[in-house]
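# Notes for the structure review
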Amino acid sequence: MSAMYGKSITPGKTLLFIDEIQESHDAIMALRFFKEDIPSLHVIAAGSLLEFALDELPTFGVGRIHSLYMYPMTFDEFLLANGQKLLLDARNTSSTNTPLPAPLYDKIIEQFRTYMIVGGMPEAVATWVESHDFIRCQEIQDDILTSYMDDFPKYRKKVDPDLLRATLHSVANQISQKFVFAHIGKGYKAAEVKSALNLLYKAGLVIPTTYTRANGLPLGSEADESYRKLLILDSGIELRLLNMNMGNTTAITTQILTSSVADLVNKGSMAEMIAGLEILRNQTPNLKRELYYWTRQVRGAHAEIDYIIAKDANVIPIEVKAERQGGMKSLWNFMRDKNLSEAIRSSLENFGEFQYIDSEADNAVRHVTIFPLYALAQLFLEGGE
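Residues numbered from 1 in each chain as written. Predicted model: local features only at pLDDT ≥ 70, side-chain atom pairs only at ≥ 80, totals over all residues. Heavy atoms only, no water.

## Some thoughts on the sheet that holds strand E5 (residues 291-295)
Strand-to-strand pairing in sheets goes through backbone hydrogen bonds, with the strands running parallel or antiparallel. Let me state the cut-off plainly: Should DSSP find at least two bridges between two strands, the strands are regarded as paired. Numbering of helices and strands runs from the N terminus; a helix is a DSSP stretch of H or I covering at least four residues, while a strand is a stretch of E covering at least two. To get an axis, fit a line to the C-alpha atoms, keeping to the stretch in contact for a helix; angles then go from 0 to 180 degrees between the N-to-C directions. Contacts between residues were defined by any pair of non-hydrogen atoms, one from each residue, lying within 4.5 Å.
The mixed open sheet is built from eight strands, whose spatial order is E4-E3-E5-E6-E7-E8-E10-E9. Each having just a single partner strand, strand E4 (223-232) and strand E9 (352-358) make up the two edges of the open sheet. Strand-to-strand, the axes of this sheet are offset by a mean angle of 35 degrees, without reference to chain direction. Inspection of the sheet shows E9 paired to strand E10 (residues 364-370) by seven bridges, in the antiparallel sense. By the bridge assignment for E10, Gln355 is matched with His367. Here helix H15 (residues 329-338) sits on the sheet in contact with E5, strand E6 (304-311), strand E7 (314-320), strand E8 (342-346), E9 and E10, set at roughly 130 degrees to E10.

## What about helix H2 (residues 25-37)?
Rule in force here: Each residue after the first adds 1.5 Å to the expected span of a helix. The reported bend at a residue is simply the angle between two axes, fitted to the 7 residues ending at it and to the 7 residues beginning with it.
Taking 1.5 Å of rise per residue, 13 residues should cover 18 Å, and H2 covers 19 Å from first to last C-alpha, within 8% of that figure. By the largest-angle criterion, Leu31 marks the main kink of H2, which is about 30 degrees.

## Overview of unusual backbone geometry
Our working rule: Summary of the burial criterion: residues with accessible area below 20% of their type's maximum are buried, those above 50% are exposed, and those between are partly exposed, where the area comes from a 1.4 Å probe applied to protein chains only.
Cis peptide bonds are those with omega within 30 degrees of zero, and the linkage from Leu217 to Pro218 qualifies with -5 degrees. With respect to the secondary-structure elements, Pro218 resides in the loop between strand E3 (206-212) and E4. For His132, which is not a glycine, the phi torsion comes out positive at approximately 50 degrees. Within the secondary structure, His132 is located in the loop between helix H7 (122-131) and helix H8 (134-151). Residues other than glycine seldom take positive phi values, yet Asp362 does so here, at roughly 55 degrees. Structurally, Asp362 can be placed in the loop between E9 and E10. Look at Asp362 and you get exposed, because its relative accessible area is 78%.

## Details of the packing of helix H6 (residues 102-118) against H8
Applied cut-off: Put simply, Ala, Val, Leu, Ile, Met, Phe, Trp, Tyr, Cys and Pro go in the nonpolar bin, Asp, Glu, Lys and Arg in the charged bin, and everything else, Gly too, in the polar bin.
Contact geometry of H6 with H8 gives a least axis separation of 10 Å together with a crossing angle of 35 degrees. Counted together, Thr114, Ile117 and Val118 of H6 and Phe134, Cys137 and Gln141 of H8 form the full contact between these two elements. Per-class residue counts for the contact of H6 with H8 are four nonpolar, two polar and no charged.

## Some thoughts on the side chain of Lys229
Our working rule: Polar contacts, as used here, are pairs of N or O atoms within 3.5 Å; protein pairs need one atom able to donate a hydrogen and one able to accept it. Residues neighboring in sequence count only if both atoms are side-chain atoms.
Mapped onto the elements, Lys229 comes out in strand E4. Judged by its relative accessible area of 2%, Lys229 falls in the buried class. Reaching out from Lys229, the side chain makes a polar contact with the side chain of Glu304 at a distance of 3.0 Å. Beyond its immediate stretch of four places on either side in the chain, Lys229 contacts Ser176, Gln177, Lys178, Ile207, Pro208, Thr209, Glu272, Tyr293, Glu304 and Asp306.

## Things to note about the pattern of salt bridges
Here is the rule: When a carboxyl oxygen of Asp or Glu lies within 4 Å of a side-chain nitrogen of Lys or Arg, that pair is called a salt bridge.
The full count for this structure, using the stated rule, is 16 salt bridges. Between Asp76 and Arg91 there is a salt bridge, with the nearest N and O atoms lying 2.7 Å from each other. In this pair, Asp76 is assigned in helix H4 (residues 75-81) and Arg91 in helix H5 (residues 85-92), connecting sequence segments 15 residues apart. Residues Asp76 and Arg91 agree in their burial class; the two are buried. For Lys229, the salt bridge is made with Glu304, and the minimal N-O distance between the two is 3.0 Å. You can see Lys229 sitting in strand E4 and its partner Glu304 sitting in strand E6, a full 75 residues away along the chain. For Glu304, a relative accessible area of 26% corresponds to the partly exposed category. Salt bridges sharing partners connect three or more residues here, namely Arg336, Asp358, Glu360 and Arg366.

## Details of the packing of H6 against helix H14 (residues 270-281)
Note the following rule: Angular relationships are summarised with four words: roughly parallel below 35 degrees, roughly antiparallel beyond 145, roughly perpendicular across 65 to 115, and oblique for the angles in between.
Put simply, H6 and H14 touch, their axes get as near as 11 Å, and they point 90 degrees apart. By the criterion of interaxial angle, the relationship of H6 to H14 is roughly perpendicular. Counting all contacts with H6, which are made through Phe112, Tyr115 and Met116, the residues of H14 involved are Met270, Ala271, Ile274, Glu278 and Arg281. Partitioning the contact of H6 with H14 into residue classes produces six nonpolar, no polar and two charged.

## A word on the nonpolar core
Where we set the bar: Buried residues of nine kinds, namely Ala, Val, Leu, Ile, Met, Phe, Trp, Tyr and Cys, make up a nonpolar core once their side-chain atoms join them within 4.5 Å.
Counting 85 residues, the largest nonpolar core has Phe112, Leu168, Leu205, Val206, Ile232, Leu373 and Tyr374 as its most contacted members. If we ignore the near neighbours within four places in the chain, the residues touching Leu205 are Tyr148, Phe152, Leu168, Leu200, Leu231, Ile232 and Leu233.

## Digging into the environment of Pro285
The residue Pro285 is located in the loop between H14 and E5 in this model. Taking the relative accessible area as the measure of exposure, Pro285 reaches 33% and is therefore partly exposed. Pro285 sits 217 residues away from Leu68 along the chain, and the two C-alpha atoms are 5.3 Å apart. Excluding anything up to four places from it in sequence, Pro285 contacts Ser67, Leu68 and Tyr69.

Limitation: the analysis is restricted to geometry and does not speak to function.
Here it is, written out as structure tokens:
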């Protein structure tokens, strides 16, 4: 390679970056030998749909290769890409005691509205930074979706490509709801749909949020995979999938750009989906993280907590809501049932907090911190999981 490109390769100084490595099983297998034979050479390998390639390999450099799980850009990264570092710094120094001043609050809400439409796919973000043209961003998102779907026939031996497409579209229509297999239609069997979903999980196109009883840690020890809500990997991609399903997303886009802050959270499930993606993406990438939620498993009951996380060795419920008043009954009941004193409400309001004296539980104090949707990263900047 050095002779081919006329560049000296100096261990300790040179970075060898192997892109699209999933195209070559031999290249993947060779990674372990870089570690063994040239340990001082910096080597990074990247690729999409790597899970499928790794499934076909007998071994994969255990102990020699450090894996990082990559996602579309977070809201913080979107702000940085748009030259809004000072706005991000101001947000990071804000808290319940020192909320954002009104002009900065208005500005960050404007940026968040844009992020909901553009999403975090790097090429879409780069196009927005260059052009500030939603139509051009949508064209990039359409190209990305087309390339994903063009890959589906490669997995014909595992899952029918038509079923994969139908499943992906059904997930887009059912985001942040308990996923119902029957809504896919065409008489597919549950086992077939499950195989399609598992493949979409591996591809990273669909993110599962799994029910947990949430009685303690780890949350996964009480998880039940038969109860799942599903998210699309990116809000911009979600809107393009809805466009394919419904023919026009102009109304949705207009709603995002013009709705009141309360309506932006209350109407539709985009805000809840972005909250889950922000929780997932802002954790350390060395492990494949899981998302959890809770719902009361009683016929006719509607109590649900949008997300459950582990923070500072405690179970923390997160509700995605618009306002302080109303809609908090599920949260209070959950905190009482699990004997919890701390919870989080994520909304588009400013930073804040409030308390509830629970007269039904010996006047226990329930404390709720408002972490805005545009500041969920701070959950993990302050100590994380």
